[in-house]
Amino acid sequence: MEHKNNYETEVKRYVSKGFKFFFMIVIFILLVFLMGYVVMWLWNWLMPAIFGLTTIGYWQAIGLLALAKILFGLGNHSSKGKQHKRARRKKMEDWCNSRREFSEWKHYDQFWKEEGEQAYKAYVNKIQEEDNNEKE
């Protein structure tokens, strides 16, 4: 008896999921048709008056929607898009930090004139001595 109840609940769950999926597809199709009508209405209201363009039909409006989707994507809601935004934000923060660090470089010319060349020569001599010691 218990096995039969589990089977019935499984069937009910699959049927309800099937109906939800079916209605989601129907709603999506209706929204696409509605958006086509809205695009056609807005185009025919604005574009001839503003730019002197001709009016368009319903299927041309649907074509414009498809073209806009292809060209512009109309949003990215995937997790990959969120990762991209985080990476871009991190890059911007790094750039801002490097701008702050760059302000310290205004003293570089003065340092190089006073101490830099001598310090560099001392460093090169130290490296050469270490290389000579390693060879021996």
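All values reported here derive from a predicted model rather than from experimental measurement.

Asker: Looking at this structure, I do not really get a positive patch on the surface. What am I missing?
Answerer: A cluster of basic residues, Lys82, Lys85, Arg86, Arg88 and Arg89, forms a positive patch on the protein surface. In this fold, arginine 88 is placed in helix H3 (residues 79-102). Exposure remark for arginine 88: the relative accessible area of 55% places this residue in the exposed category.

Asker: Just checking my understanding: could you explain helix H2 (residues 58-72) for this structure?
Answerer: The α-helix advances 3.6 residues per turn, and as a result positions three or four apart in sequence lie on the same side. With 15 residues, H2 ought to run about 21 Å at 1.5 Å a step, and its terminal C-alpha atoms sit 21 Å apart, in line with that. Turning to H2, its buried residues number three or more, namely Ala61, Ile62 and Leu65. Each buried residue of H2 lies within a common arc of 105 degrees when the element is viewed along its axis, so the set occupies one face. Pointing more than 90 degrees away from the buried face of H2 are the exposed residues Trp59, Ile70 and Leu71. The positive-phi residue at the C-terminal boundary of H2 is glycine 73, with phi of around 80 degrees.

Asker: Explain the packing of aromatic side chains to me, please; I cannot follow it from the model alone.
Answerer: When we look at a pair of aromatic rings, we describe it by the centre distance and by the angle of the planes. All chains considered together, the criterion is met by 6 aromatic pairs. Judged by centre distance (6.5 Å) and plane angle (25 degrees), the ring pair of phenylalanine 19 and phenylalanine 23 falls under stacked. Residue phenylalanine 19 and its partner phenylalanine 23 are located together in helix H1 (residues 2-51), separated by 4 residues, close to a single helical turn. Through successive ring pairs, a cluster of aromatic residues spans Phe19, Phe22 and Phe23. The cationic tip of arginine 13 hangs over the ring face of tyrosine 14; the distance from NZ or CZ to the ring centre is 5.3 Å.

Asker: Can you help me understand the pattern of salt bridges in this one?
Answerer: Side chains that differ in sign of charge can pair as their charged atoms come close. As enumerated under the stated definition, the model contains 1 salt bridge in all. Close ionic contact of arginine 13 with glutamate 10 constitutes a salt bridge, the shortest N to O distance being 3.7 Å. Separated by 3 residues within a single helix, arginine 13 and glutamate 10 lie in helix H1, roughly one turn from each other. Taking relative accessible area as the criterion, arginine 13 reaches 39% and is therefore assigned partly exposed.

Asker: Mind showing me how you'd approach the confidence of the model for the protein here?
Answerer: Predicted coordinates in areas of low pLDDT are best not read in detail. Confidence in the prediction for the protein averages 82 pLDDT; 83% of positions are at 70 or higher. Across the protein, the element-wise mean pLDDT spans from 71 in H3 up to 90 in H2.

Asker: What am I meant to see in a negative patch on the surface here?
Answerer: Taken together, the side chains of Glu129, Glu130, Asp131 and Glu134 make up a negatively charged region of the molecular surface. For glutamate 134, the location among the structural elements is in helix H4 (residues 108-135). Its relative accessible area of 66% is what places glutamate 134 among the exposed residues.

Basis of the calculations
Residues numbered from 1 in each chain as written. Predicted model: local features only at pLDDT ≥ 70, side-chain atom pairs only at ≥ 80, totals over all residues. Heavy atoms only, no water. Patch = residues over 30% accessible without salt bridge, like charges linked within 9 Å, V, L, I, M, F, W, Y side chains within 5 Å. Areas by Shrake-Rupley, 256 points an atom, 1.4 Å probe, with all protein chains shown as cover. Salt bridge = Lys/Arg side-chain N within 4 Å of Asp/Glu carboxyl O. Lys, Arg positive; Asp, Glu negative; His and termini not counted. Charge placed at Lys NZ, Arg CZ, Asp CG, Glu CD. Helix = DSSP H or I, 4+ residues; strand = E, 2+ residues; numbered from the N terminus. Buried < 20%, exposed > 50% of the residue type's maximum accessible area, 1.4 Å probe, protein only. Expected span 1.5 Å × (residues − 1). Arc of directions from axis to C-beta. Phe/Tyr/Trp six-rings, centres within 6.5 Å; stacked < 30°, edge-to-face > 60°. Lys NZ or Arg CZ within 6 Å of the ring centre and 35° of its normal. pLDDT = per-residue confidence, 0-100.

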